[in-house]
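The residues making up each chain are set out below.
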Amino acid sequence: MIESLQFEFFRNGLIGGVLASIACGIIGSYVVSKRIVFISGGISHACFGGIGIGYFLGFNPLFGALLFGVFSSFLMGEASLKAKEKEDTIIGVLWAVGMSLGIIFISLSKTYAPDLFSYLFGSILTITESDIKLMIFLDFFIFISVILFYKEFLAICFDEEFSRVRGLNVGFFYLFLLFLVALTTVLLLRVVGVILVIALLTIPSAIISQFFHSLKKIMLFSVLLGIFLMIAGLFLSYFLNLPSGATIVLLSSFCYLISLLLKR
Amino acid sequence: MNENVIEIKNLYVKLRDMVVLEDINLSVKRNDFLGIIGPNGGGKTTLLKTMLGIIKPYKGDIKIMGETPEKGREYIGYVPQYVFFDLKFPITVWEVVLTGRLNRTKYFKNYSKEDKEISEAALKQVEMEKYKNKKIGELSGGERQRVFVARALVSHPQILLLDEPMANVDSPREKEFYELLKKLKEQEKMTIILVSHDIGIISAYVDKIACINRKLYFHDSKEIKMDELMAVYGCPVDMIAHGIPHRVLKEHD
Ligand SMILES: Nc1ncnc2c1ncn2[C@@H]1O[C@H](COP(=O)(O)OP(=O)(O)OP(=O)(O)O)[C@@H](O)[C@H]1O
Ligand SMILES: [Mg+2]
């Protein structure tokens, strides 16, 4: 255990996991209470299109993911605000389009994409110093945004219509919230990959929200639980020699199951 | 000062290609207490939402305090007929009431001391101060409704729109609530518009009545004409008219 900490990649993995848990716990609490799990899944999968383009054009796939994440969160947000009855379909289509674009661009790029698998399922142990810097920046941005707009986010999540009557720009804040979901997805990409993002985004908050009824407390304890699950899962995967992302997600799901049984 | 705080001219509202409100004309004067009655699906909720700018008119003109609904709604306190929310949503009674102060506080700032004092007072007015820290989803339907009334009051509105606010509330509290409305009208000079199915209550408290079923019947008074009532409800008047004193119901012109 001690010797594993001496490897730089393992240390970076731990730091990355903790940084991801912070955004996850905060934004995940909104995702779970406002019930935007599906739209968040759509955003995270659409990111894969950007990863493919990054490969194809030879720039950092994370920036491609950021671009696609933000763009798709905007489209899906607009759909949900303006065409409620078609919302589900539009999200599903964008979800699939993103994944397909990713595959096509990767197959078009001449170079072999060895870490494609890591973008799909994550590889926490390949997190680099520069990834960590990006993650710190994104965490900081998310944290500040939520502090500044805490009361507005809470109001629109609870009752959109009344918030509108009270003069709040509901569309803006809703899109901004989805934008933060996109940023969180990018933060989580290296850790668990596009396919598993939605699990880490929702599970810690889903567990915690069964026990508390203040959003602030749910956020705080979701972050702490996320950090715990991340570290425990990482060590588990190290000792059992299993893929880290999937191990973390399975451990989290197992805890969710236990919490459901406890709550019965 | 007898200015019109709400002025609606030739208003048409279409929802999914169906005309829901047709050629509505309505002027509400400052300090009026207007009751709106009408059958299910008559368009009462739609009319209130159009005043609030939540539903856009198809045709016609609507002014709140001389401004568009989007601007004028700043002066309105609103108690919706239904609030659709997730019963599990993590928000307390206290936090819900504070959202009524959203337009009085600045971005980037938390609610002020004044916001909190006003919210405290509003919770007392509806007798819900004991439930302050409870999760809103854990209250009964009537208790919840009283919290939404408090949420409407904290913005110190000049106009109060109430869409069947007492539908789930027990009768002693209901009576107290209407006394509170009377007080708000008399002491704070509020203009109140109340939608209700309870014609008895309406005729006991309001000073003007409008009747709506796609079209609006309104004579700037507390009189309803029998033939209009029949047109609106589509049934003989005695089926709906028990609560109505004779001075309210008028035979013919
Ligand atoms: N979102 C909507 N889309 C399409 N039609 C709608 C919508 N909301 C209401 N309607 C229609 O508009 C008409 C008026 O509805 P409204 O809710 O205003 O009635 P109401 O008088 O408030 O009825 P109630 O007494 O049941 O509250 C109804 O015929 C209804 O079917
Ligand atoms: Mg209604």
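For the structure, see preceding data.
From a predicted model like this one, the values you see are computed outputs, not experimental measurements.

J.: Quick rundown of the overall build of chain A? Include the residues and the values.
T.: In terms of regular secondary structure, chain A is built from twelve helices and zero strands. For chain A, the succession of helices and strands along the chain, N to C, is α-α-α-α-α-α-α-α-α-α-α-α. Relative to the compact-globule value of 18 Å for 264 residues, chain A shows a C-alpha radius of gyration of 18 Å, a close match. Along the first, second and third principal axes, the C-alpha set of chain A runs to 55 × 45 × 30 Å. Counting only residues that meet the buried cut, chain A has 57% of its 264 residues in that class. Counted over contacts in chain A with a minimum sequence separation of 6, partners at least 24 positions apart contribute 78%. Carbon and sulfur atoms provide 74% of the accessible area of chain A, an area that totals close to 11500 Å².

J.: Break down the side chain of R73(B) for me, with residues and values.
T.: Mapped onto the elements of the fold, R73(B) is located in the loop between α2 (69-72) and β5 (76-79). Buried within the structure, R73(B) lacks any salt-bridge partner; E70(B) is the closest side chain of opposite charge, at an N-O distance of 5.4 Å. Those residues in contact with R73(B) that sit more than four places away from it in its chain are R164(A), V165(A), R166(A), L52(B), G53(B) and I54(B).

J.: Any chance you could break down the site of ligand 1 for me, citing the residues and the numbers?
T.: Residue and element names in this part refer to chain B. Around ligand 1, the structure places 15 residues, and the nearest of them are G41, K44, T45, T46 and Q81. G41 has a polar backbone atom sitting 2.9 Å from an oxygen atom of ligand 1. Here ligand 1 has 640 Å² of accessible area as a free molecule, and 65% of this is covered by the chains. For the shell around ligand 1, the elements supplying multiple residues, two or more each, are β2 (18-29) and α1 (44-51). Here the residues of the shell around ligand 1 sort into four nonpolar, eight polar and three charged.

J.: Describe the pairing of β2(B), naming the residues involved and giving the relevant values.
T.: Residues and elements named next belong to chain B. One ladder, built from eight bridges, connects strand β1 (residues 4-15) with β2; its direction is antiparallel. Note on β2: the bridge partner recorded for V13 is L21. Counting the residues between successive antiparallel strands, the hairpin from β1 to β2 contains two residues, one of them, R16, with a positive phi of roughly 45 degrees.

J.: Could you give an account of the pattern of salt bridges, with specific residues and numbers?
T.: Scanning the model with the defined rule gives 20 salt bridges over all chains in all. Between R151(B) and D159(A) there is a salt bridge, with its nearest N and O atoms 3.1 Å apart. On the criterion of chain membership, the pair formed by R151(B) in helix α5 (residues 141-153) and D159(A) in the loop between α8 (150-158) and α9 (160-165) is interchain, its members lying in two chains. Of the two residues, R151(B) and D159(A), neither departs from the other in class, the shared state being buried. K63(B) serves as the salt-bridge partner of D61(B), at 3.6 Å between the closest nitrogen and oxygen. Looking at D61(B), the relative accessible area reads 36%, which means it is partly exposed. Judged by its relative accessible area of 30%, K63(B) is partly exposed.

J.: Outline the sheet that holds β1(B), supporting the account with residue identities and numerical values.
T.: Residues and elements named next belong to chain B. Pairing is antiparallel in the open sheet, where three strands are placed in the order β2-β1-β4. Every other strand in the sheet has two partners, leaving β2 and β4 (59-64) as the edge strands with one partner each. Direction aside, neighbouring strands of the sheet carry axes that sit 15 degrees apart on average. Helix-sheet contacts for α1 involve β1, β2 and β4, and the interaxial angle to β1 is about 120 degrees.

J.: Tell me about the coordination of the magnesium ion (ligand 2), residues and numbers included.
T.: Residues and elements named next belong to chain B. The coordination sphere of the magnesium ion (ligand 2), as far as protein atoms go, consists of T45 (OG1) and Q81 (OE1), spread over 1.9 to 2.1 Å. Here T45 is found in helix α1, whereas its partner Q81 is found in the loop between β5 and α3 (93-98), with 36 residues between them in sequence. Using a relative accessible area of 21% as the deciding quantity, one classes Q81 as partly exposed.

J.: Would you mind going over the environment of Y111(B) in detail, with residue names and values included?
T.: Assignment of secondary structure puts Y111(B) in the loop between α3 and α4 (113-125). Spatially, the C-alpha atom of Y111(B) lies 24 Å from that of E143(B), the residues being 32 residues apart in sequence. Other than its neighbours up to four places away in sequence, Y111(B) contacts K151(A), L98(B), T99(B), R101(B), L102(B), T105(B) and K116(B).

J.: Describe the sheet that holds strand β9 (residues 215-218) of chain B, naming the residues involved and giving the relevant values.
T.: Residues and elements named next belong to chain B. One open sheet accounts for six strands, arranged β5-β6-β7-β3-β8-β9; its pairing is mixed. Looking at the sheet topology across the chains shown, the edges are occupied by β5 and β9. Sheet twist, expressed as the average angle between the axes of neighbouring strands with direction ignored, equals 15 degrees. Bridge count for strand β6 (residues 159-163) against strand β7 (residues 191-195) is five bridges, and the pairing is parallel. Bridge assignment links L160 to a residue of β7, and that residue is I192.

J.: Break down the environment of K59(B) for me, with residues and values.
T.: All names here are of chain B. Residue placement: K59 occurs in strand β4. Each C-alpha atom of the pair K59 and V97 lies 35 Å from the other, and the pair is 38 residues apart in sequence. Discounting residues that sit within four places of it in the chain, K59 has contacts with N10, L11 and Y12.

J.: I'd like a description of the nonpolar core, backed by residues and values.
T.: Membership of the largest hydrophobic core comes to 131 residues, with the highest contact counts inside it found for I27(A), Y30(A), I37(B), I136(B), L160(B) and L181(B). If you tally residues by element for this core, the top one is helix α10 (residues 170-208) of chain A, at 26 residues. Not counting chain neighbours up to four residues away, the residues in contact with I27(A) comprise I142(A), V146(A), L180(A), V181(A) and T184(A). If you look at the next biggest cluster of nonpolar residues, it comprises 30 residues, including I6(B), L11(B), L34(B) and I212(B).

J.: Kindly report on the packing of helix α11 (residues 215-240) of chain A against helix α12 (residues 244-263) of chain A, identifying the contributing residues and their values.
T.: Residue and element names in this part refer to chain A. Two numbers describe how α11 lies on α12: the axes approach to 8 Å, and their chain directions differ by 125 degrees. Considering their axes alone, α11 and α12 lie oblique with respect to each other. Crossing handedness for the pair α11 and α12: right-handed. Contacts between α11 and α12 involve L229, M230, A232, G233, L234, L236 and S237 from the former and S244, T247, I248, L251, S252 and C255 from the latter.

So, how was this worked out
Residues numbered from 1 in each chain as written. Chains lettered and ligands numbered in written order. Predicted model: local features only at pLDDT ≥ 70, side-chain atom pairs only at ≥ 80, totals over all residues. Heavy atoms only, no water. Helix = DSSP H or I, 4+ residues; strand = E, 2+ residues; numbered from the N terminus. Rg over C-alpha atoms; globule rule 2.2 N^0.38 Å. Buried < 20%, exposed > 50% of the residue type's maximum accessible area, 1.4 Å probe, protein only. Contact = heavy atoms within 4.5 Å. Areas by Shrake-Rupley, 256 points an atom, 1.4 Å probe, with all protein chains shown as cover. Lys, Arg positive; Asp, Glu negative; His and termini not counted. Salt bridge = Lys/Arg side-chain N within 4 Å of Asp/Glu carboxyl O. Near = heavy atom within 4 Å. Polar contact = N/O pair within 3.5 Å; in protein donor to acceptor, adjacent residues only side chain to side chain. Nonpolar A, V, L, I, M, F, W, Y, C, P; charged D, E, K, R; others polar. Pairing = 2+ DSSP bridges. Axes fitted to C-alpha atoms, helices over the stretch in contact; angles between N-to-C directions. Donors = N, O, S within 2.8 Å, 3.2 Å for Na, K, Ca; no water. Core = buried A, V, L, I, M, F, W, Y, C linked by side-chain atoms within 4.5 Å. Parallel < 35°, antiparallel > 145°, perpendicular 65-115°, else oblique. Left-handed = near helix turned anticlockwise from the far one by under 90°.

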